[in-house]
Amino acid sequence: VQSFDFKQIRKDPHHHRHVPWPAIVYHQLQEWKKKKDGATPKTWKEKSEFKQQIQAAALVYHEEMNFHEAVGTMFACQNIFF
């Protein structure tokens with residue numbers, strides 16, 4: 001999960017669409033924690049903001065099923081990542 005270079009991957013839409021959803025959730029959570037002094041999303045409002053952050057990270061959200069999967073599973077796997 002940590003080996004994905006998202007800055008490089010963003011340059012290639014094909015590869016961006018094939019990043020596994022756990023890597024997306026993990027990477028976005030690390031970005032969130034940088035902005036929030038290490039805190040993870042706890043409240044419903046914060047989790048909604050985190051969801052929007054994941055959606056915004058997609059190049060074209062409606063075309064990238066891996067980002068849909070990341071959003072759809074982020075609450076179910078919060079004990080793993082959060």
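Quick caveat: nothing in here was measured; it's all calculated off a predicted structure.

## Some words on unusual backbone geometry
Right, so step 1: For Asp37, which is not glycine, the phi torsion reads 55° and is therefore positive.
Right, so step 2: Checked against the element boundaries, Asp37 lands in the loop between helix 3 (21-35) and helix 4 (44-57).

## Some details on the pattern of salt bridges
Right, so step 1: Enumeration according to the criterion identifies 2 salt bridges in this entry.
Right, so step 2: The salt bridge partner of Glu31 is Lys34, with a shortest N-O separation of 3.3 Å. In this pair, Glu31 and Lys34 both sit in helix 3, 3 residues apart, roughly one turn of the helix.
Right, so step 3: Linking Lys45 and Glu49 is a salt bridge whose minimum nitrogen-to-oxygen distance equals 3.9 Å. Of this pair, Lys45 and Glu49 both sit in helix 4, 4 residues apart, roughly one helical turn.
Right, so step 4: Assessed through its relative accessible area of 58%, Lys45 is described here as exposed.

## With respect to the confidence of the model for the protein
Right, so step 1: Residues of the protein with pLDDT of at least 70 account for 91%, and the chain-wide mean is 88.
Right, so step 2: Mean pLDDT across the secondary structure elements of the protein bottoms out at helix 6 (residues 78-81), with 63, and peaks at helix 4, with 95.

Quick notes on the rules
Residues numbered from 1 in each chain as written. Predicted model: local features only at pLDDT ≥ 70, side-chain atom pairs only at ≥ 80, totals over all residues. Heavy atoms only, no water. Helix = DSSP H or I, 4+ residues; strand = E, 2+ residues; numbered from the N terminus. Salt bridge = Lys/Arg side-chain N within 4 Å of Asp/Glu carboxyl O. Buried < 20%, exposed > 50% of the residue type's maximum accessible area, 1.4 Å probe, protein only. pLDDT = per-residue confidence, 0-100.

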